[in-house]
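# Analysis of the macromolecular model
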Amino acid sequence: MSFQANYFDGLSSRAKPVLVRVAEHAKNITFEADGEKLTFNLIDLNVQAKLGTAKRLIDLPNGGKLEAFDISELEAVIPTKASAFWRGLYYLENHLGWVLVALLATVFAGWLFLQFGVPKLAEYVADATPPAMEEKLGEQALQGLDSSVGYFSPSKADPARKASITAALNSLCVALKDCPKYRLEFRAGGMIGANAFALPGGIMVVTDEIITLSKNDTEIVAVLAHEMGHVKMRHAFRQSLQGVLSGLILAAVTGDVSSIGSGLPAALMQMRYSREHETEADMFALNAMQKACLPPKAFADILQRLEAQMRGEDDKTTKKAPLQQHSNSGADVISEMLASHPDTLARIKPFLATKQNCN
Ligand SMILES: [Zn+2]
């Protein structure tokens, strides 16, 4: 048994063509290079693992190497010392099915991490971030929304109405005793229409449009109590962190950095809280209204009116001429209050079932 190979003596880079004889009975190989006969025991050879169609390499105990295309004669008598890793890799390389399985497993693991790992990570990061930094982020977000075309413009609501809403919210907090630090801002909503938001750092924005839609201050206070729940649990900040973390991870995987650079205002307006966050905010609102002797039904009333308005605007939009469809009617942006809750009826149930409590 023999095979053709190139011999590298480990001293020069020059390849020397040799005929390697495999002596099974003697458990060795022999070949002649530069007139010298070389013999090596089989157990001293290190046959490197096969990878693709690359040449096979055999490390020799004298520091030299043999390089050959076909060493099946040698492999028949010697077990390769390839590590399990390399053998596994070679196996995968030659079994496309497993490659696909490995790929799917990688994608699934990535999805799992984005889905469950990132929210947990965001929670830790949020806890470790000083409130001043969060406030700064909120401030910048508000500035961004004020200067971006189509979002906020100065409020034109009646100053007396704004003052009475501010006072009503203040009384709620007096009754509640543990309101988080907040700042109320009034804006004309533009394309985001009848809406209310909690930005990072406790900034709560209420739009003229939702004030117009409300029948009384209690309804606005109910909406703001929900937003206060988001503030209390730092949902906006946690959600922003999640967005940044997910963006960084996706950019690392895809190499596309532009996804992170997209404007913060747009990102915030597209932000959706999880249902869990919305339920937490609702429960905070219900509890707050109970403590402040406000009728919980007010929350249900404004929510239903918001939904009816949105449905109405949807109908109008579909009936409009194509050119007018992109007008800033607000129909294309879902109110924060409804965003993660397609089922408004189930959501308002506890508010309808709870009586006003003034003890
Ligand atoms: Zn909400």
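For the structure, see preceding data.
Quick look at the structure, then. (Residues numbered from 1 in each chain as written. Predicted model: local features only at pLDDT ≥ 70, side-chain atom pairs only at ≥ 80, totals over all residues. Heavy atoms only, no water.)

### Some remarks on the packing of helix H7 (residues 217-232) against helix H11 (residues 275-291)
Note the cut-off: Interaxial angles span 0 to 180 degrees and are taken between N-to-C directions of axes, which are lines fitted to C-alpha atoms, for helices over the stretch in contact. Working definition: helices are DSSP H or I runs of at least four residues, strands are E runs of at least two. Numbering for both runs from the N terminus. Roughly parallel refers to an angle under 35 degrees, roughly antiparallel to one over 145, roughly perpendicular to one between 65 and 115, and oblique to any angle outside these ranges. Left-handed describes a crossing whose near helix is turned anticlockwise from the far helix through less than a right angle; right-handed describes the clockwise counterpart. Only heavy atoms enter the contact rule, under which two residues are in contact if any of them lie within 4.5 Å. Residues are grouped as follows: Ala, Val, Leu, Ile, Met, Phe, Trp, Tyr, Cys and Pro are nonpolar; Asp, Glu, Lys and Arg are charged; all remaining types, including Gly, are polar.
Taken N-terminus to C-terminus, the directions of H7 and H11 make an angle of 125 degrees; their axes are 7 Å apart at the nearest point. By the angle between their directions, the pair H7 and H11 is classed as oblique. Read as a crossing pair, H7 and H11 show a hand that is right-handed. Within the contact between the two elements, H7 uses Thr218, Ala222, Ala225, His226, Met228, Gly229, His230 and Lys232 and H11 uses His277, Glu278, Ala281, Asp282, Phe284, Ala285 and Met289. Looking at the contact of H7 with H11 residue by residue, the classes come out as seven nonpolar, five polar and three charged.

### Some words on the state of the cysteines
What counts here: In what follows, a disulfide is any cysteine sulfur pair within 2.5 Å. The buried label goes to any residue with under 20% of its type's maximum accessible area, the exposed label to any with over 50%, and the partly exposed label to all in between, with areas taken from a 1.4 Å probe on protein chains only.
For the structure on display, the rule yields two disulfides. The disulfide bridge from cysteine 173 ends at cysteine 179, spanning 2.0 Å between sulfur atoms. Between cysteine 173 and cysteine 179, the S-S dihedral sits near -85 degrees, and the bridge is therefore left-handed. Residue pairing for cysteine 293: its cysteine sulfur links by disulfide to cysteine 358, the two sulfurs lying 1.9 Å apart. The chirality of the disulfide connecting cysteine 293 with cysteine 358 is right-handed, given an S-S dihedral of about 80 degrees. Of the two residues, cysteine 293 sits in the loop between H11 and helix H12 (297-319) while cysteine 358 sits in the segment after helix H13 (344-353), which places them 65 residues apart along the sequence. On the basis of relative accessibility, which here comes to 28%, the residue cysteine 293 falls in the partly exposed class. Judged by its relative accessible area of 45%, cysteine 358 is partly exposed. Each bonded cysteine of the protein gets a number by its place in the sequence, and the pairs then read 1-2, 3-4.

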